[in-house]
Every structure is written in structure tokens, then in C-alpha cells.
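Structural features, examined
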Amino acid sequence: MQMFWIWKKRIFFFINFSKKRENIERAKKELKETHYGLTYAVNPAVSVNAVYGKVDASDKAARPNDQKIKMIQVGYNLGPVALVAAFAKNEDIGGVAGNDSDVFMTRLLTAF
């Protein structure tokens, strides 16, 4: 995963990029995942994150479409606990056209 950041006059941005390749030998196919993200730290406690992801399969007969993920997250840091709310829109899940979903989730994270 690659991470870049920009700091200028108290404006804090993170730019994220990750690429993953998975070989599934039994099925003789390869999955390639690519994710791009942009995070803005509103203040030390609040951040907003946007993510775009794509999954491409080598077996176009079984998975003719690329799966796409678009997500926005808002996080609130309470110190050792963080609360994250996210909304994601998934298109062509599993490479199947029209297999779409909208997901809303919340997470409570801890760190020691």
C-alpha cells in the first residue's frame, strides 16, 4: 500500500493507493484489486474519507464485469475509541451485471 500526505497551512490530506493481486490456482484465475482513497482531517478529532475500488478478474467468461466500490466514511476520534460511519455503493458484485448493493455501517474501534 502506498500512502502520501500533504500538509499545508493546517490542511491535512492523506492520499491512499493500494493494489493487490490474488491467484486462485484451483479455479485458474487471478483477481486484481485496486483502491484509491482521499482523507481529509477536518480537525484532530474528525476525518472524512472517500474511497474508490475496483476488482478485475482474469476469467471474463465467469466474471464479465469489473466490481466497483464507492465509499464515504466519517470518523470521530474519542482518544482510545473511535466511531466510524460509512456508506458504500457496490456495483456488479462478483462480476455479475446488476448485482448491486448499498451498505450503511458503523464501527466502534479501540486502540491501546
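Residues numbered from 1 in each chain as written. Predicted model: local features only at pLDDT ≥ 70, side-chain atom pairs only at ≥ 80, totals over all residues. Heavy atoms only, no water.

Concerning the pattern of salt bridges
- In total, this model carries four salt bridges according to the counting rule given.
- Between Lys 89 and Asp 102 there is a salt bridge, with the nearest N and O atoms lying 3.1 Å from each other. Here the residue Lys 89 occupies a position in strand β6 (residues 81–91), and Asp 102 occupies one in strand β7 (residues 101–110), the gap between them amounting to 13 residues. (Salt bridge = Lys/Arg side-chain N within 4 Å of Asp/Glu carboxyl O. Helix = DSSP H or I, 4+ residues; strand = E, 2+ residues; numbered from the N terminus.)

Things to note about the side chain of Thr 39
- Here Thr 39 is to be found in strand β3 (residues 29–41).
- Here the side chain of Thr 39 touches Asn 49 through a polar contact of 3.3 Å, side chain to side chain.
- If sequence neighbours within four positions are ignored, Thr 39 has contacts with Phe 12, Phe 13, Phe 14, Asn 16, Ser 47, Val 48 and Asn 49. (Polar contact = N/O pair within 3.5 Å; in protein donor to acceptor, adjacent residues only side chain to side chain. Contact = heavy atoms within 4.5 Å.)

Examining a nonpolar patch on the surface
- Among the surface-exposed residues, Tyr 76, Leu 78, Leu 83 and Leu 108 lie close enough to one another that they form a single nonpolar patch of about 410 Å² accessible area.
- Mapped onto the secondary structure, Tyr 76 falls in strand β5 (residues 67–77). (Patch = residues over 30% accessible without salt bridge, like charges linked within 9 Å, V, L, I, M, F, W, Y side chains within 5 Å. Areas by Shrake-Rupley, 256 points an atom, 1.4 Å probe, with all protein chains shown as cover.)

Focus on the pairing of β6
- Side chains Ala 82, Val 84, Ala 86, Ala 88 and Asn 90 of β6 all project onto a buried face; the interleaved residues Val 81, Leu 83, Ala 85, Phe 87, Lys 89 and Glu 91 project onto a face where none is buried.
- Remark: three residues form the turn of the hairpin made by β5 and β6, two consecutive strands paired antiparallel; Gly 79 in that turn has positive phi of roughly 100°.
- Two elements, β6 and β7, share 10 bridges in a ladder whose sense is antiparallel. Paired with Asn 90 across the bridge in β7 is Ser 101. (Buried < 20%, exposed > 50% of the residue type's maximum accessible area, 1.4 Å probe, protein only. Pairing = 2+ DSSP bridges.)

Thoughts on the packing of aromatic side chains
- Tallied over the full model, the rule gives one aromatic pair.
- On the basis of an interplanar angle of 45° and a centroid distance of 5.3 Å, the ring pair of Phe 17 and Tyr 36 is categorised as tilted. Of this pair, Phe 17 sits in strand β2 (residues 11–24) while Tyr 36 sits in strand β3, and the two are 19 residues apart along the sequence.
- On the accessibility criterion, Tyr 36 (44% relative accessible area) is partly exposed. (Phe/Tyr/Trp six-rings, centres within 6.5 Å; stacked < 30°, edge-to-face > 60°.)

Points about the environment of Ser 18
- On the secondary structure map, Ser 18 appears in strand β2.
- By relative accessible area, Ser 18 is classed as buried at 18%.
- Sequence separation of Ser 18 and Gly 53 is 35 residues, and the distance between their C-alpha atoms is 9.3 Å.

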